[in-house]
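Here's the letter readout for the chains.
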Amino acid sequence: MPELKIHNTATRGKDVFAPLRPDEVRLYVCGPTVYDLAHIGNARPVVVFDSFVRLLRRLYASVTYVRNITDIDDKIMDRAQERGQTIAEVTAKTTQVFHDDMAALNALPPDHEPRATDYVEAMVTMTETLIAKGHAYPADGHVLFDTTSMEDYGVFSRRSQDELIAGARVEVAPYKTNPTDFVLWKPSSAEQPGWDSPWGKGRPGWHLECSVMSEALLGETFDIHGGGIDLVFPHHQNELAQSVCAHDGAPFANYWMHNGHVTVGGEKMSKSLGNFLTVNDLLDEFPGEALRLTLLSAHYRQPLDFTKELVAESRRILDRWYRAIGDAAAAADLPDEVEAALLDDLNTPKAIAEMHALADKAMAGDDAAASSLKAVGEILGLLQATPEAWFQGQGADDDLSAVAIEDLIEQRRQARQDKDFATSDRIRDELAAQGIVLEDGADGTTWRRGE
């Protein structure tokens, strides 16, 4: 078994990965809160962990990948009120668009996609357990986790007491025993969604959801927990606290992986700055694979400054790679250099550099290099179409359709047969002006969208 190393947030170092059970890996990644369309920053963990799971499946016989849907949250309630819709309407539509957008990025569905609202009963049970073990207390219709009951609370996120208090400032309330205590259960008004509980009608806190869903599908202790770097505190710190305390000190996740922030044009995304880029809007301009390659172009732990110029360059790179693979079938094995890069904490930039080298060889007629290039693409979720589909399918909505192009090619064929070369040349020039490149051969005329 090749040695896989991953940067473990819990140890702040690169650790050799060893699953709890031989040849079986269980991982949980925090998914979307479905109140709004996914932006390009939301897409990064989806793409990163999709690539990581593809790698794991080459290494281990069994991989169970869980990514949740948070479908009850104050932001969802606010959005439903703004739109005059029900919460179910907001979450159903947003979830469907999320699925469609991520599929366009070639992200495979997780093995399980639990929804928070399906696990509320288990959340009540865990809350009762924490109270019984002295780690939580009811107060004013709420139930709060007592952070002082866990000796090493804050160690995982490397926060001092002052930083912990600052991080909890949005939840300052008179019913808290300690300023860092966080909500496990909160009361719901008559107009708000809620479930019956020993503490009255209410709903779960955000942190509690992931602890319960991961336990239900992966067990008390599992291998890898992932998400964006912004989730280290408070979300993952609090998940870990409540899970460890509910299970008498049993570890929660053995390895923690976090991807870096995404900025746009050097600045944090903001609707007020006009740089808030949703995946759905970007897909109107670019192929999903070009967005995916852009997200993989930097190491997953590093910040990524996303620009449309980068995506355009990714598209040009993919054009070249698709020309290089032709009709090659994927090789069974990865090139040693690529495997070494990916086993070293998913070093996608180095793997991509190797893809450039393979493309150079393939363009020079090396069939084995073309097959290897295709194999690397499968791991990274790239080169998933045929070259013909890639070059013919990149047009924007206002570009010529494939049917219209084929019709013009037929008109040109007829003009050439009639020796009407002026019409033939005019059609070729019109298509060229719209980025359509014609290639005449012994078997007829083929076409592709050019750069």
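Our structure is the block above this text.
Residues numbered from 1 in each chain as written. Predicted model: local features only at pLDDT ≥ 70, side-chain atom pairs only at ≥ 80, totals over all residues. Heavy atoms only, no water.

**Let's talk about the overall build of the protein chain**
Threshold: The numbering of helices and of strands both runs from the N terminus, where a helix is a DSSP run of H or I of at least 4 residues and a strand a run of E of at least 2. Relative accessibility under 20% of the residue-type maximum defines a buried residue, over 50% an exposed one, and the middle range a partly exposed one, all with a 1.4 Å probe and only protein chains included. The contact criterion used is simple: two residues touch if any of their non-hydrogen atoms lie within 4.5 Å. Per-residue accessibility takes into account occlusion by the displayed protein chains alone, with areas from the Shrake-Rupley method and a 1.4 Å probe. Charged residues are defined here as Lys and Arg on the positive side and Asp and Glu on the negative side; His and the ends of the chain fall outside this count. The atoms used to mark charge sites are NZ of Lys, CZ of Arg, CG of Asp and CD of Glu.
Looking only at helices and strands, the protein chain has 16 helices and 14 strands in total. Expressed along its principal axes, the backbone C-alpha trace of the protein chain runs to roughly 90 × 55 × 35 Å. Sorting the 451 residues of the protein chain into buried and exposed places 51% on the buried side. Summarising the internal contacts of the protein chain: among those between residues at least 6 apart in sequence, 75% fall at separations of at least 24. Roughly 20000 Å² of accessible area belongs to the protein chain as shown, and the carbon and sulfur atoms make up 49% of that amount. Averaged over its 43 positive side-chain charges, the protein chain has a centre that lies 3 Å from the centre of its 73 negative ones.

**Re the nonpolar core**
Here is the rule: Only buried residues count toward a nonpolar core, which is a set of Ala, Val, Leu, Ile, Met, Phe, Trp, Tyr and Cys residues joined through side-chain atoms within 4.5 Å.
In terms of nonpolar packing, the biggest core is built from 74 residues, with Ile40, Phe52, Trp321 and Leu380 touching the most fellow members. The biggest single contributor to this core is helix α1 (residues 40–59), with eleven residues. Ignoring any residue separated from it by four or fewer positions in sequence, one finds isoleucine 40 in contact with Val262, Val264, Met269, Leu277, Val279, Leu282, Leu295 and Phe306. Within the second largest apolar cluster, 40 residues are counted, among which are Ile72, Phe182, Leu218 and Phe252.

**Some points on the sheet that holds strand β3 (residues 24–29)**
Keep this limit in mind: Note on pairing: DSSP must find at least two bridges between two strands before they are called paired. Axis definition: a line fitted to C-alpha atoms, limited for helices to the stretch in contact. Angles are taken between N-to-C directions and run from 0 to 180 degrees.
With parallel pairing, the four strands of this open sheet are ordered in space as β4-β3-β9-β10. The sheet is open, and its two edges are formed by β4 (62–67) and β10 (253–259), each paired on a single side. Here the strands of the sheet are splayed against their neighbours by 20 degrees on average, with no regard to which way each runs. Sheet strands in contact with helix α7 (residues 232–246) are β9 (222–228) and β10, and its direction is about 160 degrees off that of β9.

**Details of the packing of α1 against helix α13 (residues 367–380)**
Where we set the bar: Any residue that is not Ala, Val, Leu, Ile, Met, Phe, Trp, Tyr, Cys, Pro, Asp, Glu, Lys or Arg is counted as polar, Gly included; the first ten are nonpolar and the last four charged.
Two elements in contact, α1 and α13, have axes whose closest approach is 7 Å; the angle formed by their N-to-C orientations is 120 degrees. Between α1 and α13, the residues in contact are Ser51, Arg54, Leu55 and Arg58 and Glu378, Ile379 and Leu380, respectively. Among the residues forming the contact of α1 with α13, the class breakdown is three nonpolar, one polar and three charged.

**What to know about the environment of aspartate 333**
Among the secondary structure elements, aspartate 333 is positioned in the loop between α10 (308–325) and α11 (336–343). The exposed category is assigned to aspartate 333, whose relative accessible area is 58%. Along the chain, aspartate 333 and threonine 129 lie 204 residues apart, while their C-alpha atoms are 49 Å from each other. Dropping the residues within four chain positions of it, aspartate 333 is found in contact with Arg58 and Ala375.

**A short note on the environment of leucine 438**
Tracing the sequence through the fold places leucine 438 in strand β13 (residues 436–441). When the C-alpha positions of leucine 438 and arginine 428 are compared, they lie 7.2 Å apart, and in sequence the two are ten residues distant.

**Regarding the state of the cysteines**
Heads up, the condition is: Pairs of cysteine sulfur atoms within 2.5 Å are what we label disulfides.
The final tally for this structure, using the stated rule, is zero disulfides. With no disulfide of its own, cysteine 30 lies closest to cysteine 210 among cysteine sulfurs, the gap being 3.9 Å. Left without a disulfide partner, cysteine 245 is nearest to the cysteine sulfur of cysteine 210, which lies 17 Å away.

**A short note on the sheet that holds strand β8 (residues 202–204)**
Pairing is antiparallel across the open sheet formed by four strands, whose spatial order is β5-β6-β7-β8. In the strand order of this sheet, the two ends are held by β5 (136–139) and β8, each with one partner. For this sheet, the mean inter-axis angle between neighbouring strands, taken without regard to orientation, is 20 degrees. Across three bridges, the pairing between strand β6 (residues 142–145) and strand β7 (residues 182–187) is antiparallel. Within β7, the residue paired with phenylalanine 145 across the bridge is phenylalanine 182.

**Observations regarding the pairing of β5**
Summarising the sheet, β5 and β6 pair through four bridges and their orientation is antiparallel. Each residue of the ladder has a partner; that of alanine 136, found in β6, is phenylalanine 145.

**Some words on the pattern of salt bridges**
We apply this condition: Whenever a carboxyl oxygen of Asp or Glu lies within 4 Å of a side-chain nitrogen of Lys or Arg, that contact is scored as a salt bridge.
Tallying each qualifying case throughout the model produces 20 salt bridges. Aspartate 344 is paired through a salt bridge with lysine 14; the nearest N and O atoms lie 2.7 Å apart. Residue aspartate 344 is found in the loop between α11 and α12 (348–363), and its partner lysine 14 is found in strand β2 (residues 13–16); the two are separated by 330 residues along the sequence. With a relative accessible area of 43%, lysine 14 lands in the partly exposed category. Between aspartate 50 and arginine 292 there is a salt bridge, with the nearest N and O atoms lying 2.7 Å from each other. Residue aspartate 50 is found in helix α1, and its partner arginine 292 is found in helix α9 (residues 288–296); the two are separated by 242 residues along the sequence. Both residues of the pair, aspartate 50 and arginine 292, count as buried. Salt bridges here are not isolated pairs; linked through shared partners, they connect Arg412, Arg416, Arg428 and Asp440.

**A short note on the packing of aromatic side chains**
What counts here: Think of it this way: a Phe, Tyr or Trp ring, Trp meaning its six-membered ring, pairs with another when their centres are within 6.5 Å, and the plane angle makes it stacked under 30 degrees, edge-to-face over 60, tilted otherwise.
Under the definition given, this model contains ten aromatic pairs. Seen in terms of ring centroids, phenylalanine 252 and tryptophan 256 are 5.8 Å apart; in terms of plane orientation they differ by 55 degrees. Their pairing is tilted. You'll find phenylalanine 252 and tryptophan 256 in the same group, each marked buried. Grouped by ring-pair contacts, the aromatic residues Tyr28, Phe156, Phe222, Phe252 and Trp256 constitute a single cluster.

**Let's talk about the side chain of serine 214**
Tracing the backbone shows serine 214 in helix α6 (residues 206–218). Overall, the relative accessible area of 0% leaves serine 214 in the buried class. Other than its neighbours up to four places away in sequence, serine 214 contacts Tyr28, Gly219, Phe222 and Phe252.

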